[in-house]
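Spelled out, the chains give:
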Amino acid sequence: MQSAPTADRVTAITPVPGSSAGTVVASITPLSGAWTLTYSPTTNASCHGTRNVAVPTVEITNEPLTRLSRLTFTRDGEAFDDDQRRFTWSAPNVYFGTRTFETRASAQIYLTVVDNRTITGQIVGSFTERRLPCSFTIDFTLTHGS
């Protein structure tokens, strides 16, 4: 017998975006409202022909390691908006978005819903340093109501 969802792990049956009407998947619907974004203090980065190094995340984001953000989820859970951009559903409990930082680094953002109050993610991006193409990966967590 399957147990009922708990208050912090709500499961919704959501139509797969772009699919025929009968296709559904189980997914967690996060809560809308205030969320705290916390970046990992260090980020892995490398440039063409160089080794991977750990750099302070603030050098890439030009933002504090922790900040508040307001997330608004669509009723069907197909997408959500933060203060600046839209993220779209790409697989059960997974959302995708893009971003360009003030430092001109561009990135793809992958978010995984852990429960309706916790989202983890990675920002995978690129920038140019001394005419060399470089890449980075920033880990982060979003926590509801913090």
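Up top is the structure these notes are about.
Residues numbered from 1 in each chain as written. Predicted model: local features only at pLDDT ≥ 70, side-chain atom pairs only at ≥ 80, totals over all residues. Heavy atoms only, no water.

1. A short note on the overall build of the protein chain
Of regular secondary structure, the protein chain possesses 1 helix and 12 strands. Traced from its N-terminal end to its C-terminal end, the protein chain shows the element sequence β-β-β-β-β-α-β-β-β-β-β-β-β. Entry remark: accessible area of the protein chain is about 8,600 Å², with carbon and sulfur atoms responsible for 52%. (Helix = DSSP H or I, 4+ residues; strand = E, 2+ residues; numbered from the N terminus. Areas by Shrake-Rupley, 256 points an atom, 1.4 Å probe, with all protein chains shown as cover.)

2. Description of the side chain of Thr57
Positionally, Thr57 belongs in the loop between β5 (53-56) and α1 (58-61). Of the residues examined, Thr57 reaches a relative accessible area of 0% and is grouped as buried. Within the structure, Thr57 has its side chain in polar contact with the backbone oxygen of Ser40 (distance 2.5 Å). In this structure, Thr57 is in contact with Tyr39, Ser40, Pro41, Thr42, Thr43, Leu65 and Ile138, ignoring residues within four places of it in sequence. (Buried < 20%, exposed > 50% of the residue type's maximum accessible area, 1.4 Å probe, protein only. Polar contact = N/O pair within 3.5 Å; in protein donor to acceptor, adjacent residues only side chain to side chain. Contact = heavy atoms within 4.5 Å.)

3. Thoughts on the pattern of salt bridges
By the definition in use, this model includes 2 salt bridges. With its nearest N and O atoms 3.5 Å apart, the salt bridge here joins Glu63 to Arg67. Accessibility assignment for this pair places Glu63 and Arg67 in one class, buried. Where Glu63 meets Arg99, a salt bridge forms, and the shortest distance between an N and an O atom there is 2.2 Å. (Salt bridge = Lys/Arg side-chain N within 4 Å of Asp/Glu carboxyl O.)

4. Remarks on the state of the cysteines
For the coordinates displayed, the defined rule picks out 1 disulfide. A sulfur-sulfur separation of 1.9 Å characterises the disulfide bridge that pairs Cys47 with Cys134. Here the disulfide of Cys47 and Cys134 is right-handed, its torsion about the S-S bond being about 100°. Highlighted residues: Cys47 in strand β4 (residues 42-47) and Cys134 in strand β12 (residues 132-144), separated in sequence by 87 residues. Judged by relative accessible area, which is 16%, Cys47 ranks as buried. A residue is classified by how much of its surface remains accessible, and Cys134, at 4% relative accessible area, is buried. (Disulfide = S-S within 2.5 Å.)

5. Points about empty space enclosed by the protein
Overall, the coordinates contain 2 cavities of 30 Å³ or more when judged by the stated rule. The computed volume of the largest cavity comes to approximately 170 Å³. Lining the largest cavity are 15 residues, and of these Leu37, Arg67, Asp82, Arg85 and Phe87 lie nearest its centre. Secondary structure elements with two or more residues in the lining of the largest cavity: β3 (33-39), β6 (66-73), β10 (106-115) and β12. Per-element accounting of the lining of the largest cavity gives the leading share, 3 residues, to β6. Taken together, the residues that form the lining of the largest cavity break down as 10 nonpolar, 1 polar and 4 charged. (1 Å grid on protein atoms, 1.4 Å probe; cavity = no way out; pocket = protein on both sides within 12 Å on 5 of 7 lines; lining within 4 Å. Points joined across faces, edges and corners; volume = space filled by probe spheres on them. Nonpolar A, V, L, I, M, F, W, Y, C, P; charged D, E, K, R; others polar.)

6. Description of the packing of aromatic side chains
This model, assessed by the stated rule, comprises 6 aromatic pairs. On the numbers, 5.1 Å between centres and 75° between planes, the contact of Phe80 with Tyr95 is edge-to-face. Of this pair, Phe80 sits in strand β7 (residues 79-81) while Tyr95 sits in strand β9 (residues 94-100), and the two are 15 residues apart along the sequence. Residues Phe80 and Tyr95 agree in their burial class; the two are buried. Chaining the aromatic ring pairs together yields one cluster made of Phe73, Phe80, Phe87 and Tyr95. (Phe/Tyr/Trp six-rings, centres within 6.5 Å; stacked < 30°, edge-to-face > 60°.)

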